[in-house]
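A look at the structure
Listed below, chain by chain, are the residues.
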Amino acid sequence: MNILEVNNLTIGINQNGCQFEAIRDLSFGIAKAEVAGIVGQSGAGKTLTALSIMRLLRKEAFIKKGQILYKGADLATEDMAKIRGSQIGLVYQNPFTSLNPAYKISSQLLECTGSVKEAKELLELVGLKSERIFDSYPHELSGGQCQRVCIAMAIAKQPQLLIADEPTTGLDVTIAAKIMELLVGIAKDKKISLILIGHDLGIMAKYCHRLMVFYHGSLVEEGSVNDILDKPKHSYTRKMIDCLKKPKSHYHPPTNHQLPALLEFKQVVKKFPTRRRLFRHHTLEAVDNVSFKLNEQETVGLVGESGCGKSTLANLSLGLLKPTSGDILFQGQNINGLSKEAKKQRQIIFQDPYSSLNPRMKIKKIIEEPLCIYKVGDKQARTKRVNELLELVGIAQKDAEKYPHQFSTGQQQRITIARALALNPKLVVLDEPTSSLDTSIKAQIINLLKELGERFKMSYLYISHDLAMMPLIADRIIVLYQGRIVEQGSAKDIFKNPKHSYTQLLIDSVPML
């Protein structure tokens, strides 16, 4: 007998006076002690399914028909306050929004356990043995540590079913692998049924017994991992598998080694003050003696875990931070003395497209803003330029009057690309531009960036913790570890002959089919 049965579930949503079906005739079962994966793109209905099981649907969503049975009992007639946590646990996607920022970790764990001893045992179970973590606030911990705390809270009352909704999104590949191993390990040891939800088929295939593929609110395919990978039936499943095949580099302009350096770091050190005590000053060395060149029409990839100095290097290259020592040159000139004209030659595309777009401005105004700041052209010329940029990134001109929330995440990232290109930059810093996107959308954005880079002869500084994407775009890869460059070379050399143990660890953590 299955511990969970979902039968003919249809979920409707009321929006702007209209009603549509977000999930249609969904049926599946979860066996006891099974690890099942739900995979699909954003908007496929994965999270909505998890929330419907927990009876946590937002007010505009409702179950139109169907039933959800837990141990044979219809959850629609059960007291969910007695089931949530104690029978069915849920681990959310973003640990920082799951934890209360005003309370210490100890206080939040004690809500679930009731005793300090049990709370500390839970932390030890999820690999957090430090006393400091128990007495810390969420903002004092890393993303991986916060997610471990959330897992500890979810299993505190020993549920028999655990739902993990994209628990590794935004985490480094090495940390993501540890979180997945932790979840699966706990499920195996305690004989818990586990539902893993995600959009990365590679990760799902590695840890699940069975896979269910969601597409546009429907379950289009399900089966064992081997059956799904070896004999995919649906076109969307085949598309996801193609995106995970071992990457081959296609972006290696043969002449860029003869071109002059566009950006150059010379023995750059960047230190940040951390805390001050009596007669002592403590500093954090975020970047330690880094030297490299980025030539014109070249793409250099910076890869490493969170806290290794990638974003600090990005800010240094844009002049948003000043180095503690060393020199940074842009087109042969020190970046601290660049003219206004030279400054607009450097642009950035951020990790989270939605938070980098003003929600109160229409897309037309967002893309036009850099042109207005630098007083480029008159109103008619700027409108023409905006339309050209929208066409370049594959957004319809009629959508220029829409707001950011009316677009998907992939479309929002295309809009940020259009804004970055408005001033015809020579250098674009790509700060993890695909980390929040589905596998298939990632490939589309990478292909768009490659095409635009070749067309407008731009250089990219591509920052990521996802080593799998690097060979698709980067000419050279630089591996950062604890603020230092530990290895650099072509994508082919890095993957085939890694010299540093950390590089090998990154490669081993990449899910490949």
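All of these numbers come straight from a predicted model, not from anything done at the bench.

Parameters at a glance
Residues numbered from 1 in each chain as written. Predicted model: local features only at pLDDT ≥ 70, side-chain atom pairs only at ≥ 80, totals over all residues. Heavy atoms only, no water. Helix = DSSP H or I, 4+ residues; strand = E, 2+ residues; numbered from the N terminus. Buried < 20%, exposed > 50% of the residue type's maximum accessible area, 1.4 Å probe, protein only. Core = buried A, V, L, I, M, F, W, Y, C linked by side-chain atoms within 4.5 Å. Salt bridge = Lys/Arg side-chain N within 4 Å of Asp/Glu carboxyl O. Pairing = 2+ DSSP bridges. Axes fitted to C-alpha atoms, helices over the stretch in contact; angles between N-to-C directions. Contact = heavy atoms within 4.5 Å.

**Looking at unusual backbone geometry**
Glycine aside, a negative phi is what most residues show, and trans is what most peptide bonds show. At Ala33, a position not held by glycine, the phi torsion is positive, near 65°. Here Gln267, not a glycine, exhibits a phi torsion of approximately 45°, which is positive. Mapped onto the fold, Gln267 is located in strand S11 (residues 261-277). A relative accessible area of 54% places Gln267 in the exposed class.

**A short note on the nonpolar core**
Counting residues in each nonpolar core, the largest one holds 51 residues, and the members touching the most others are Ile151, Leu162, Leu183, Leu194 and Leu196. For this core, the element with the highest residue contribution is helix H8 (residues 173-190), accounting for nine residues. Counting 49 residues, the second largest nonpolar core, distinct from the first, contains Ile367, Ala400, Leu449 and Val510.

**Brief notes about the pattern of salt bridges**
For the structure on display, the rule yields 15 salt bridges. Arg210 serves as the salt-bridge partner of Glu34, at 2.7 Å between the closest nitrogen and oxygen. Of this pair, Glu34 sits in the loop between strand S2 (18-30) and strand S3 (35-39) while Arg210 is found in strand S9 (residues 210-215), placing the two residues 176 residues apart along the sequence. Per residue, the accessibility class of Glu34 equals that of Arg210, and both read buried. Linking Arg210 and Glu222 is a salt bridge whose minimum nitrogen-to-oxygen distance equals 2.9 Å. One end of the pair, Arg210, is in strand S9; the other, Glu222, is in strand S10 (residues 218-224), and 12 residues separate them in sequence. Judged by relative accessible area, Arg210 falls into the buried class, the value being 16%. What emerges from the salt-bridge pattern is a single network uniting Glu34, Arg210 and Glu222.

**Some words on the sheet that holds strand S19 (residues 476-481)**
Taken in spatial order, the six strands of this open sheet run S16-S17-S18-S13-S19-S20, and their pairing is mixed. Bordering the open sheet on either side are strand S16 (346-349) and strand S20 (484-490), each of which pairs with just one other strand. Sheet twist, expressed as the mean angle between neighbouring strand axes with direction ignored, is 20°. Pairing of S16 with strand S17 (residues 427-431) involves four bridges; the strand directions are parallel. Opposite Arg346, over in S17, you have Leu427 as the bridge partner. Of the strands in this sheet, strand S13 (299-303), S16, S17, strand S18 (459-464) and S19 are in contact with helix H12 (residues 310-317), which crosses S18 at around 155°.

By themselves, these observations are geometric and do not establish any function.
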